[in-house]
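# Inside the fold
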Amino acid sequence: MHQSLVILGSQWGDEGKGKIVDLLTEKVDYVIRYQGGHNAGHTLVVDGKKTALHLIPSGILRPHVRCVIGNGVVLSPEALTEEIRMLQERGHSVIDRLHVSTNCPLILQVHVALDRARETARGNAKIGTTGRGIGPAYEDKVSRRGLRVADTADPAGFSEKVRELMEYHNFTLTNWYRAKPVDVESMIEETLEAVSYFKTAVCDTVDLIHRCRRNGKIMLFEGAQGSLLDIDHGTYPFVTSSNTTAGGVATGSGLGPRYIDSILGITKAYATRVGSGPMPTELFDNAGKHLAVKGQEVGTTTGRGRRCGWFDAVAVRHAIEVNSISGICLTKLDVLDGLSEVEICVAYELPDGNVVDYLPGGDEYLRVRPVYETLPGWDETTFGMTSLDEMPKAAKQYVERLSRVVGAPIDIVSTGPDREQTIVISTPFGVD
Ligand code: GDP
Ligand code: IMO
Ligand code: MG
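Computed from a predicted model, the values in this text were never measured in an experiment. (Residues numbered from 1 in each chain as written. Chains lettered and ligands numbered in written order. Predicted model: local features only at pLDDT ≥ 70, side-chain atom pairs only at ≥ 80, totals over all residues. Heavy atoms only, no water.)

### So, the overall build of the chain
Test applied: To qualify as a helix, a DSSP run of H or I must reach at least 4 residues; to qualify as a strand, a run of E must reach at least 2; elements of each kind are numbered from the N terminus. For a compact globule the rule gives 2.2 Å times the number of residues to the power 0.38, and the radius of gyration it is set against comes from C-alpha atoms. Residue exposure (1.4 Å probe, protein chains only): buried if accessible area is under 20% of the type maximum, exposed if over 50%, otherwise partly exposed. Residues count as neighbours in contact if any of their non-hydrogen atoms are within 4.5 Å of one another.
Helix and strand counts for the chain stand at 11 helices and 18 strands. Whereas a compact globule of 432 residues would reach a radius of gyration of roughly 22 Å, the chain reaches 22 Å, a difference of no more than 12%. Dimensions of the chain, computed from the C-alpha atoms along their principal axes, are close to 65 × 50 × 40 Å. Per-residue burial over the chain gives 57% buried out of 432 residues. Expressed as a percentage of contacts within the chain between residues at least 6 apart in sequence, the contacts between residues at least 24 apart total 76%.

Here it is, written out as structure tokens:
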């Protein structure tokens, strides 16, 4: 039985990670987030009831699961407090099953102000961030001037450090961006108040994870965003500010890479993207509308419409390589029901006519044209199917073809948002 399983997105996010994490946690003891912050929006549907999570790992709906926010996550104390309250109001116990790393960099209100000011200043070249302060918080971490959860244990010392930091940030906000400064004292007070709400959950999560490992606990590492949004391997600069790919598990949780047993790449049966940046298979026709409407492709965090397009096998192949994905979970297959034809992008054509099977770097990626392979569609519904045998022949053919073109086995197929609407072909835990 695999002990450490990673679940991450192989496209541009919103592949359905939350649903699959929730499904698989039936057999898991701990779920660990290791990067990103509350820019994530993971949707879980249990018996028709929807829950959207941003920061708390998607294992929280299972009472036997303990949830860890690892050191690689940028943490907004206000957002965490709000999410704990929301879950408690719905009858879930949270605080006694939650562990928050002392080393999480804090997202302060000023990071949100900077994120928004930068986006405004970029104008048409904006990234289309979620406006949650993610980029500026990671910048403070890397520049070694940021504050961590541990700093809040000494309120006076914390306040002094924040005041010093704010001289720099408020100078930038007012003089460079011509934006309003952030009120330092109320920011300090609100941060400390929010942290006090979950301070009993704060601990050394690296030590915790290794105790779990030594004691044979089953751990699931839950990725946020998607591989093409990775700061190093994604479509830079139109990316998020963390390592969303598998390397981020080790740095963001403290689990050494050799302890990872399997990596499940959550992969949507078509492509979507929120925010700006290249997306070679984006559609502007009726097929695109079909995907957006039937797939209800609206952002969980920001409510923005997601851009939709055909499956991009070149992008997914890249994700399989950089993550060493061992198996794929194909989600939202049911959204393709009713299309007369389905396309798979198998290569890119460059402006000079050359055809390539990799992601060209820099701005060249903005100019590639997709090379498609066309497959027959299907009229029958696959919605809610729980067995491959029930599946229409053309849908099965599509799944098999995708597996071949991306070069990875498809272990799970998801046919609806509910936990139960799933076909498990091969368990990602190795053995049952
Ligand atoms: P995440 O960020 O990767 O967790 O994905 P999101 O929750 O942002 O977006 C996925 C959306 O698709 C959510 O609304 C899910 O409830 C829904 N979903 C997940 N799997 C399926 C599926 O197989 N079929 C359909 N129709 N919806 C799904
Ligand atoms: P989940 O976990 C889809 C996108 C934003 C923007 C870029 C940078 O639900 O899959 P940021 O606020 O991170 O600085 O924004 O990344 N983005 C996501 N897109 N799903 C997400 O998370 C995302 N989190 C960030 O739209 O293009
Ligand atoms: Mg999402």
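### A few points about the site of ligand 2
What counts, and what does not: Consider each residue's heavy atoms; a residue with any of them within 4 Å of a molecule or strand counts as near. Contacts described as polar in this section are N or O atom pairs within 3.5 Å, which, within protein, must combine one atom able to donate a hydrogen with one able to accept it, while residues neighboring in sequence count only if both atoms come from side chains. Each residue is assigned to one class: nonpolar for Ala, Val, Leu, Ile, Met, Phe, Trp, Tyr, Cys and Pro, charged for Asp, Glu, Lys and Arg, and polar for all the others, Gly among them.
Not every one of the 20 residues close to ligand 2 is listed here, only the nearest: Asp14, Lys17, His42, Thr130 and Thr240. At 2.9 Å from an oxygen atom of ligand 2 is found a side-chain nitrogen or oxygen belonging to Asn39. Between ligand 2 and Val274, the relevant distance is 3.1 Å, taken from an oxygen atom to a main-chain nitrogen or oxygen of the residue. Taken together, the residues of the shell around ligand 2 sort by class into seven nonpolar, 10 polar and three charged.

### What to know about the packing of aromatic side chains
Note the following rule: The criterion for an aromatic pair is that two Phe, Tyr or Trp rings (for Trp, the six-membered ring) have centres within 6.5 Å, with stacked assigned to planes under 30 degrees apart, edge-to-face to planes over 60 apart and tilted to the rest. Two conditions define a charge sitting above a ring: the NZ of Lys or the CZ of Arg must be within 6 Å of the ring centre, and it must be within 35 degrees of the ring normal.
Per the stated rule, a full pass over the model turns up two aromatic pairs. Taking 6.0 Å as the distance between ring centres and 50° as the angle between the ring planes, the aromatic pair formed by Trp378 and Tyr398 counts as tilted. One end of the pair, Trp378, is in the loop between strand E16 (369–376) and helix H11 (393–406); the other, Tyr398, is in helix H11, and 20 residues separate them in sequence. Across this residue pair, the class does not change: Trp378 and Tyr398 are buried. Taking the ring centre of Tyr197 as reference, the NZ or CZ of Arg85 above it sits at 4.3 Å. The ring of Tyr259 carries the charged tip of Arg213 above its face, separated from the ring centre by 3.9 Å.

### Description of the packing of helix H2 (residues 77–89) against helix H6 (residues 184–198)
Here is the rule we go by: Between N-to-C directions, angles cover 0 to 180 degrees, with each direction set by a line fitted to C-alpha atoms, over the stretch in contact for helices. Every angle not falling under 35 degrees, over 145, or within 65 to 115 is termed oblique; those three ranges are roughly parallel, roughly antiparallel and roughly perpendicular. For a crossing to be left-handed, the near helix must be turned anticlockwise from the far one by less than a right angle; the clockwise case is right-handed.
H6 packs onto H2 with a crossing angle of 40° between their chain directions and a minimal axis gap of 8 Å. Classified by the interaxial angle, the pair formed by H2 and H6 is oblique. By crossing handedness, the relation of H2 to H6 is classed as left-handed. Contact with H2, carried on its side by Pro77, Glu78, Leu80, Thr81, Ile84, Arg85 and Gln88, involves Glu190, Thr191, Ala194, Val195, Tyr197 and Phe198 of H6 and no other residues of that element. Residues belonging to the contact of H2 with H6 are distributed by class as follows: seven nonpolar, three polar and three charged.

### Side note on helix H3 (residues 109–122)
For the α-helix, the turn length of 3.6 residues means that residues three or four positions removed from each other point alike. The criterion, for reference: By this rule, a helix spans an expected 1.5 Å times one less than how many residues it contains.
For H3, with 14 residues, the first-to-last C-alpha span of 20 Å sits near the 20 Å given by 1.5 Å per residue. Buried-residue contacts for H3 involve helix H4 (134–142), helix H5 (155–176) and H6. In the segment just after H3, Gly123 is the residue with positive phi, at about 55°.

### Structural notes on the coordination of the magnesium ion (ligand 3)
Rule in force here: The donor definition counts N, O and S atoms within 2.8 Å of each metal and applies 3.2 Å to Na, K and Ca; water is not among these atoms, so some sites may look incomplete.
Coordination of the magnesium ion (ligand 3) by the protein comes from Asp14 (OD) and Gly41 (O), over a distance range of 2.0 to 2.1 Å. In this pair, Asp14 sits in the loop between strand E1 (4–9) and helix H1 (17–24) while Gly41 sits in the loop between strand E2 (30–33) and strand E3 (42–46), placing the two residues 27 residues apart along the sequence. Each member of the pair Asp14 and Gly41 is classed as buried.

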